[in-house]
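Spelled out, the chains give:
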Amino acid sequence: MKEENKPFNDVIDHFNKIEGNAANLAKSDIKKLPKPLKYFGYFVIGFISLSILLIIILNLLN
């Protein structure tokens, strides 16, 4: 086991054995997700970004 993957206490070790390793979420790759889920994520991020931009523009006009 690599040094970076070793649990630092027994609680984390037990959690990883029971629930799975949730600490490696930073290593997840969006390209491995199913296409509908990937497109939904792009839609949500785009919608939120456009909404924030629209709110800023409308506030500047008033």
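Residues numbered from 1 in each chain as written. Predicted model: local features only at pLDDT ≥ 70, side-chain atom pairs only at ≥ 80, totals over all residues. Heavy atoms only, no water.

A.B. asks: How should the overall build of the protein chain be read in this particular structure?
C.D. replies: In terms of regular secondary structure, the protein chain is built from two helices and zero strands. The buried share of the protein chain, reckoned over its 62 residues, is 2%. Counting every atom, the protein chain has about 6,100 Å² of accessible surface; 67% of that belongs to carbon and sulfur. (Helix = DSSP H or I, 4+ residues; strand = E, 2+ residues; numbered from the N terminus. Buried < 20%, exposed > 50% of the residue type's maximum accessible area, 1.4 Å probe, protein only. Areas by Shrake-Rupley, 256 points an atom, 1.4 Å probe, with all protein chains shown as cover.)

A.B. asks: Please explain a nonpolar patch on the surface as it appears in this structure.
C.D. replies: A contiguous nonpolar surface patch, about 960 Å² in accessible area, is contributed by L33, L37, F40, F43, F47, I48, I52, I56 and L60. Take F43: it is sitting in helix α2 (residues 35–61). (Patch = residues over 30% accessible without salt bridge, like charges linked within 9 Å, V, L, I, M, F, W, Y side chains within 5 Å. Salt bridge = Lys/Arg side-chain N within 4 Å of Asp/Glu carboxyl O.)

A.B. asks: Explanation requested: the packing of aromatic side chains in the structure shown.
C.D. replies: Note on aromatic pairs: each is described by the distance of the centres and the angle between the planes. According to the stated counting rule, one finds one aromatic pair in the structure shown. With a centroid separation of 6.2 Å and an interplanar angle of 20°, the aromatic rings of F43 and F47 are classed as stacked. Here F43 pairs with F47, and both are found in helix α2, just four residues apart, close to one helical turn. What makes F47 exposed here is its relative accessible area of 52%. (Phe/Tyr/Trp six-rings, centres within 6.5 Å; stacked < 30°, edge-to-face > 60°.)

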